[in-house]
Amino acid sequence: MITRKRLATGACALLAALSVALLPTSATADEPVAKESPKVELVLDVSGSMRAKDIDGKSRMAAAKQAFNEVLDAVPEEVQLGIRTLGADYPGQDRKRGCKDTRQLYPVGPLDRTEAKTAVATLAPTGWTPIGPALLGAAEDLEGGEATRRIVLITDGEDTCAPLDPCQVAREIAAKGIHLVIDTLGLVPDAKTRQQLTCIAEATGGTYTSVHRTEDLSRRVRQLVDRAADPVVTPVATEGAVRCADAPQLKPGLYTDREAFGQHRWYRVDLLPGQELRASVSLSADRAVNDDYGVLLRAVTRHGREIVRGSEAGDGRTDVISTGLRYPKPELDDEPGDAKPAAETVCLQISNSFSAPPSVKTTPGMPIELTVDVVDGPSAASDVASFGLGRGWWLLGALVLVGFVAGLLWGWLSRWRVAVWRTN
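Each value, and the rule that gives it
Residues numbered from 1 in each chain as written. Predicted model: local features only at pLDDT ≥ 70, side-chain atom pairs only at ≥ 80, totals over all residues. Heavy atoms only, no water. Helix = DSSP H or I, 4+ residues; strand = E, 2+ residues; numbered from the N terminus. Buried < 20%, exposed > 50% of the residue type's maximum accessible area, 1.4 Å probe, protein only. Contact = heavy atoms within 4.5 Å. Areas by Shrake-Rupley, 256 points an atom, 1.4 Å probe, with all protein chains shown as cover. Phe/Tyr/Trp six-rings, centres within 6.5 Å; stacked < 30°, edge-to-face > 60°. Pairing = 2+ DSSP bridges. Axes fitted to C-alpha atoms, helices over the stretch in contact; angles between N-to-C directions. Parallel < 35°, antiparallel > 145°, perpendicular 65-115°, else oblique. Nonpolar A, V, L, I, M, F, W, Y, C, P; charged D, E, K, R; others polar.

On to the overall build of the chain. A count of helical and extended segments in the chain gives ten helices and 15 strands. The buried share among the 424 residues of the chain stands at 42%. Pairs at least 24 apart in sequence give 75% of the contacts found in the chain among residues at least 6 apart. Working note: accessible area of the chain is about 23800 Å², and carbon and sulfur atoms make up 55% of it.

What follows is the structure, given as structure tokens:
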């Protein structure tokens, strides 16, 4: 009997151990989801002008190949990298064919350094400069997923396939809200090339760099690839409404949108008693605009009563204009029992007074960057602003008092010295 009991006990223990081993552990269930690898596509100009020998005594194409080899050796393991060319295949004079001359040389994905270097080594300066079609192709290569995406365009000249304006293409890519940044590098650029590449970069929040040496090209491309691997903040695309009732509900974070000239956009934020709303907006003039413009950020109640506003005006000296506001919601004096306090819906309105010359396209709208933060409010929410000084009032008062006393002393000493001088 005792033996049977021991066997039964052992069998139960074994079954329990197997059950525990087969069940998923809490640690496994709580493990964070793996972050999607960032994607980068290098777009290289292989047009006929790349034969020019003005970079370190060698051709622009040779300098680009050397820089690519160095960049491919240094690409971080977590980055999915691809290469696209423009003007690499068609050497003829048929403009229609030349403006379709763009292809993916190496697909976006895990990098095989040897294979990628071999593909780049086969390139030779050939044809046209279809920058617009190449950007559209690169955007398609990077579609899908929520990973950081970046295009690095390297060219020595402006687009030769108008009327497809590359700057307009960049604006349309940015308007899709897919957070695809385009950085541009100009190899020994002239004024027109510099202007076009700057416009492309600014339309998507990227950067433009002028390059005159192989070392500078290699270093800059490496920096941009590394930046894709370690982004600071990824903004969230949103679309404001024409009235508060239909506006999207925003949580603390960074958001991007587009706003037409002279338009109003609405967003909503919930605020609990004892919290403070902090919001700021930046609006970029990514095309030629008339001087004298402004941006307004208002916080109003659902019933239309204005709570606070921030505004800023410009006169054409800068391409970005920003403003912000703060709204602290006081705590409730008497909270009934354990009832959870109701949140207040604050409506944020963004307006602008931009206008453009008749020759400038007004669509898509100009890029907006909206930052929303909700923090614990101060103990005395009613006077948090203090006319912008906060606790600085104490310092200001002390400085005024010290100045007043110093003025009295200086006046008395001056009169005393004059009196002594007259006596002597």
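So, on to the packing of aromatic side chains. Scanning the model with the defined rule gives one aromatic pair in all. Taking the centre distance of 4.4 Å and the plane angle of 15 degrees together, the rings of Tyr-293 and Phe-354 count as stacked. Within this pair, whereas Tyr-293 is found in strand 11 (residues 293-300), its partner Phe-354 is found in the loop between strand 14 (344-352) and strand 15 (366-376), the two being separated by 61 residues in sequence. Classification of Tyr-293 by relative accessible area gives buried; the value is 4%.

Spatially, 9-14-11-12 is the arrangement adopted by the four strands of the open sheet, whose pairing is antiparallel. Only two strands of the sheet have a single neighbouring strand rather than two, namely strand 9 (264-271) and strand 12 (306-314). Strand after strand, the sheet turns through a mean of 15 degrees between neighbouring axes, direction not considered. Two elements, strand 9 and strand 14, share eight bridges in a ladder whose sense is antiparallel. Note on strand 14: the bridge partner recorded for Leu-271 is Glu-344.

Attention now goes to the packing of helix 3 (residues 60-74) against helix 5 (residues 113-121). Where helix 3 meets helix 5, the axes come as close as 10 Å, and the angle between the chain directions of the two elements is 170 degrees. The angle between the axes of helix 3 and helix 5 places the two elements in the roughly antiparallel class. In this structure, helix 3 contributes Lys-65, Phe-68, Asn-69, Leu-72, Asp-73 and Ala-74 to the contact, and helix 5 contributes Arg-113, Ala-116, Lys-117, Val-120 and Ala-121. Its residues placed into classes, the contact of helix 3 with helix 5 shows six nonpolar, one polar and four charged.

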